[in-house]
Amino acid sequence: MKLKLISLAAAGLIASQANAGTVTTDGADIVIKTKGGFEAKTTDGKYSFKIGGRAMIDYNSYDDVINKATGETGSDLFFRRARIEMKGHIEDWKYGLSYNLTGSGSIDQLKTTYTGFGKMANLTIGQQKENFGLDDTGSSKWTAGVERSFVSDAFDTGNNMGIKLHGANDFLTYSLGVYKEGTDSDNDLDTATTGRVVIRPIYSNGTVFHIGAGFTQRDGEFEDISSRLGVRGGEDKTANKLKAEFTATAGGDIIPGEELSAHNIELAFASGPLQIMAEYFDGEVEAPSSVAGSDDIEVDGYYVQASYFLTGESRKYKTGSAAFDKVKPSNASGAWEIFGRMSQLNTDMGSNITLTGGEDAQVTTLGVNYYMNSNVKFALNYVNSETDAKIGTEDDGDAIVGRLQLVF
Amino acid sequence: MKLKLISLAAAGLIASQANAGTVTTDGADIVIKTKGGFEAKTTDGKYSFKIGGRAMIDYNSYDDVINKATGETGSDLFFRRARIEMKGHIEDWKYGLSYNLTGSGSIDQLKTTYTGFGKMANLTIGQQKENFGLDDTGSSKWTAGVERSFVSDAFDTGNNMGIKLHGANDFLTYSLGVYKEGTDSDNDLDTATTGRVVIRPIYSNGTVFHIGAGFTQRDGEFEDISSRLGVRGGEDKTANKLKAEFTATAGGDIIPGEELSAHNIELAFASGPLQIMAEYFDGEVEAPSSVAGSDDIEVDGYYVQASYFLTGESRKYKTGSAAFDKVKPSNASGAWEIFGRMSQLNTDMGSNITLTGGEDAQVTTLGVNYYMNSNVKFALNYVNSETDAKIGTEDDGDAIVGRLQLVF
Amino acid sequence: MKLKLISLAAAGLIASQANAGTVTTDGADIVIKTKGGFEAKTTDGKYSFKIGGRAMIDYNSYDDVINKATGETGSDLFFRRARIEMKGHIEDWKYGLSYNLTGSGSIDQLKTTYTGFGKMANLTIGQQKENFGLDDTGSSKWTAGVERSFVSDAFDTGNNMGIKLHGANDFLTYSLGVYKEGTDSDNDLDTATTGRVVIRPIYSNGTVFHIGAGFTQRDGEFEDISSRLGVRGGEDKTANKLKAEFTATAGGDIIPGEELSAHNIELAFASGPLQIMAEYFDGEVEAPSSVAGSDDIEVDGYYVQASYFLTGESRKYKTGSAAFDKVKPSNASGAWEIFGRMSQLNTDMGSNITLTGGEDAQVTTLGVNYYMNSNVKFALNYVNSETDAKIGTEDDGDAIVGRLQLVF
């Protein structure tokens, strides 16, 4: 009887497969997945491919010191980021491509990582993150605030062409890389060297305690150090900035400083739904040697932020990059998170230096996030920005920022 | 005996699967498809992903009033459109990305639709069509003419960032949205509001009778209303235009009008291989308030077109967008369609207004389409354009337009 | 007993499929593949789709005549090429899309080929290679040198919009096409006609002997014929060039020549790991008829190159394009190839002609390639360039070029 039942089951299988065409592969077995995008990987672990994208649609409303037209409320609706993304691996080589669709299109990242030396010595070549600072190292998709802290933005190294050695285990994460900063007047490469070390005294049972430090040393030409006041918009050339800039000119152009160096200290603690992180940055641009008596630009600042999931989830932490990552709601009704951050950036008046916004600025951000599922996120932030000196007629401003984020 | 046969069949199945590697998924069952592009969807209806593209290769030849160099025949060969397209859905969120590869790349559409409120209340957020007019609402892939009517082009709202509420059943289709038109001198959003209602008194047995109306109201700055004379090419800045433009200037720049408003009425009847459609548009730009005695720009126009499949097919009609869509040849030798359209656009001379092409223009288009299969279409159009006043030395012109379209 | 075993096997099949979700198709059976990118094709041969990309990360170091800042060593690190690629077919129509991610994005190729007339008469329409010269016709992914010969570059027609008839069997490959060179002052197309014929007196047992000839005739406006000195970099507007340029001007602009014509002869022999190839090119630009007594620009040149796989592999040869293609390492430790090339380009002083680099330049390139697998290639080239006349203070220069290439 058992035999007969099995055979009938087999017959049923055949029947259902007769209706549908078969899908096979001519190589190693493949597992595919679609949860928005599409993914295929061989079960022997040798190959994988994934395609998807991200869209962040932001509505910003801002006034006073944030807006060029002081005294007026400005607003905008725009793609903060829109990208096509592919990644995969071929034996010991991982690769990742992220292409910006905004503007007229540009490469965000395009890199390949050789993993053949093991987890403690990955080699990543191509256009990539330099991994300077906890906030900047994490993905923009999963930050608790709509924007990263305005201190992190001041010291953001961006994505650059270069080569990075990096590795991680549960206790330690390190990275050290050399990148293209630009080319000089002799058509020779200006390089940047950036390193970071993170240790995790606690990393178990959903609790992580993260202590790190990093530096970047950059050859090239640097006219200023500056940062937006916590929000996009308001035509940031003439407002919405704390900026320290050299003033000596030659032939109408600013004579730039010759080297930018910065270092940071980072701390994070996360346990269950609670996440706290803080960073301190200190950087300077060397005064142009051709301008006698000029001072260096010196900027330092810090932020402290805390976020909490009302619905009990926690933000994933990746040891590979020593940064926080994805949020996955625990149940079908989604996840709710509240968030607050205080950021302070300071600079100094000096000979041959002009300041926009004065010597200090402070940005306070409060926010709430709703993660409808793993792919759809809504965020609402309130931002208050204060500068030490007036920009136009204002030294204070507020903004409301709403975001709909779709990851596929 | 039956049991034995089934078991042998099962054995055959196993044998054939031993030759080829298996393809499975670690989640819900998946159905994939390739007919040019690639598509995957889970059988539980929760997720899907599709990737493909379109290429339209046009050859245009044109003379006289259409060509800048009057008296000379001009020609061009170019990608009229070339796009990569992705779409899919994640639970209640559909998404669509269409990226223009021409020029230096730009987002055509990038949008997400929340479908959780049901068919009568979809919410689409992102860069999208505003759905103003039947001709402009339909896909450029499936228009009967190579170009949309030059009246529709005059009132084309383009794809814009915004939010649209829309719904449809067999009888009714509606949409109402608010979009970003631009930003003003205070960095504040200029918005456009656009709505459309379509009813279908007949919609059964392959026959559709479609009656609709729409409006758009746009804040911002508008220097003119204009349209190409039914064809691309001929350097359209100085020829190939009916245009009504403001003339008052300040500091060398035209002082623009302050608001554009337009409405339309649309009619369509399709039954089997026959399709008839007609639209009337009426719009105006308010004269700049700072220019005393200036008139508004006023433009109206209509088109009437008919098309017929010699091979008996019919163009699909989508209630969701209340627009005509895809053509699928009934048999392997492909489908043949003939097409004719008459378009008329009128404007008025006025104080502070200058006209290119005079007060009226008329474009007559005749065409034949060959749909080789669902993916490959050939089109040949003859265009005759007449203007009320000469542009250069001509008030009449002809064009031949050929297209090869590939959809994958 | 046999019956029972089969039934148990069927039961096992059911069990394993109960753990993993099924993947089926609702049309013809599909075979999929992932080896970096992703590929799907129906087993009935009617449809296929493939997506992937390429990245070439180059480090260049160069001095003297190659570098604008003479006497200084310059260097750069950059994406030489970065592309997303899709291809597939729909019944008798193949299509291919290759999109440049570098710069601000551009279409590299976008074309469709009708294969319904058989192998000897393919019709390719769209933006495509013109197939002028063996070196330029082969894929940039699989050239033995990091760059093609600087003679091939001087006569490179690029990818253009047009229509090409082409066919091949084991003995013969031909192509003849008409392309858009540009548009003239009457908005009329300037066209280029390009043809090529290759025969293979030997093509068997891993040995190919290839003899070919081609021509291109191009209407339009041409100010010069020029080529980089074998390497990218060094700001090529003022250095790193052999260039013959017209000098007569009108209103500050060079009066261009009116027609460019060129022809070539190509030879190749490959047997096992050895590959030898050589080409001779001869071209001219007709002097502008409006400049009395002006001479034509005349340029000719040749290259000879040889490469050898130390590990015994051979480079694939494609009869369809009559060009060398892919390298696949024979074993897991990868493939090693050595390579050398001598290129010589000559031009003439003349009335109304100015020369950069003098009348002759010679580039010698030596290289070694390591193909780690089918997807990852490392290349290291040494380049020596000599010009007949000094550019700045130099008539000689060297370069080192390293490349990491990833194909997915």
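Residues numbered from 1 in each chain as written. Chains lettered and ligands numbered in written order. Predicted model: local features only at pLDDT ≥ 70, side-chain atom pairs only at ≥ 80, totals over all residues. Heavy atoms only, no water.

1. Digging into the sheet that holds strand β13 (residues 224-228) of chain A
Strand-to-strand pairing in sheets goes through backbone hydrogen bonds, with the strands running parallel or antiparallel.
Residues and elements named next belong to chain A.
Working step 1: Pairing is antiparallel in the open sheet, where three strands are placed in the order β13-β14-β23. Of all the strands in the sheet, just β13 and β23 (353-356) have a single pairing partner and so form its edges. Taking each pair of neighbouring strands and ignoring which way they run, the sheet shows an average axis angle of 10 degrees.
Working step 2: Two elements, strand β14 (residues 241-246) and β23, share four bridges in a ladder whose sense is antiparallel. By the bridge assignment for β23, Ala244 is matched with Leu355. (Pairing = 2+ DSSP bridges. Helix = DSSP H or I, 4+ residues; strand = E, 2+ residues; numbered from the N terminus. Axes fitted to C-alpha atoms, helices over the stretch in contact; angles between N-to-C directions.)

2. A closer look at unusual backbone geometry
Negative phi is the rule for most residues except glycine; trans is the rule for most peptide bonds.
Working step 1: Positive phi, close to 50 degrees, is recorded for Asn205(B), a residue that is not glycine.
Working step 2: With respect to the helices and strands, the residue Asn205(B) is situated in the loop between β11 (189-204) and β12 (207-222).
Working step 3: Of the residues examined, Asn205(B) reaches a relative accessible area of 79% and is grouped as exposed.
Working step 4: Phi is positive for Glu91(C), which is not a glycine, with a value near 50 degrees.
Working step 5: Tracing the chain through its elements places Glu91(C) in the loop between β5 (74-90) and β6 (93-100).
Working step 6: A relative accessible area of 32% places Glu91(C) in the partly exposed class. (Buried < 20%, exposed > 50% of the residue type's maximum accessible area, 1.4 Å probe, protein only.)

3. Digging into the pairing of strand β7 (residues 106-114) of chain A
Residue and element names in this part refer to chain A.
Working step 1: With respect to burial, β7 is a largely interior element, seven of its nine residues being buried.
Working step 2: Direction of pairing for strand β6 (residues 93-100) relative to β7: antiparallel, over a ladder of eight bridges. Within β7, the residue paired with Gly96 across the bridge is Lys111.
Working step 3: Between β6 and β7, which pair antiparallel in sequence order, lie five residues; one of them, Gly103, sits at a positive phi of approximately 60 degrees.
Working step 4: Bridge count for β7 against strand β8 (residues 122-129) is five bridges, and the pairing is antiparallel. Bridge pairing in β8 links Tyr114 to Leu123.

4. A word on the relation of the copies chain C and chain B
Working step 1: Between chain C and chain B, the superposition needs a rotation of 120 degrees and an axial shift of 0.0 Å, giving an RMSD of 0.0 Å. Classification of the inter-copy transformation places it as that of a three-fold axis. (Least-squares fit on C-alpha atoms with pLDDT ≥ 70 in both.)

5. Notes on the sheet that holds strand β13 (residues 224-228) of chain B
Residues and elements named next belong to chain B.
Working step 1: Strand order in the open sheet formed by three strands is β13-β14-β23, and the pairing between neighbours is antiparallel. Of all strands in the sheet, those with a lone pairing partner are β13 and β23 (353-356), marking the two edges. Pairs of neighbouring strands in the sheet enclose a mean axial angle of 10 degrees, with direction left out of account.
Working step 2: Relative to strand β14 (residues 241-246), β13 runs antiparallel, the two being bridged by five bridges. Bridge pairing links Ser227 to Leu242 in β14.

6. Overview of the interface of chain C and chain B
Working step 1: If you look at the interface, chain C gives 49 residues, while chain B gives 57 residues.
Working step 2: Buried surface at the junction of chain C and chain B, summed over both partners, amounts to about 4,400 Å²; 70% is from carbon and sulfur atoms.
Working step 3: Taken together, the connections running from chain C to chain B amount to two salt bridges.
Working step 4: When the shortest N-O distance is used, the salt bridge between Lys180(C) and Asp76(B) registers 2.7 Å.
Working step 5: Tallying contributions element by element places helix α1 (residues 2-19) of chain C first for the side of chain C that touches chain B, with seven residues. (Contact = heavy atoms within 4.5 Å. Buried area = accessible area lost by both parts, 1.4 Å probe. Salt bridge = Lys/Arg side-chain N within 4 Å of Asp/Glu carboxyl O.)

7. Digging into the domain arrangement of chain A
All names here are of chain A.
Working step 1: Parsing chain A into structural domains produces domain 1 (1-45) and domain 2 (46-407).
Working step 2: Across the boundary between the two partners, domain 1 contributes nine residues, which contact nine residues of domain 2.
Working step 3: In this structure, the connection of domain 1 to domain 2 is made through zero salt bridges.
Working step 4: Applying the counting rule to domain 1 against domain 2 returns seven residue pairs in polar contact (both at pLDDT 80 or more).
Working step 5: Residues belonging to the side of domain 1 that touches domain 2 are distributed by class as follows: two nonpolar, three polar and four charged. (Domains from an automatic or database assignment. Polar contact = N/O pair within 3.5 Å; in protein donor to acceptor, adjacent residues only side chain to side chain. Nonpolar A, V, L, I, M, F, W, Y, C, P; charged D, E, K, R; others polar.)

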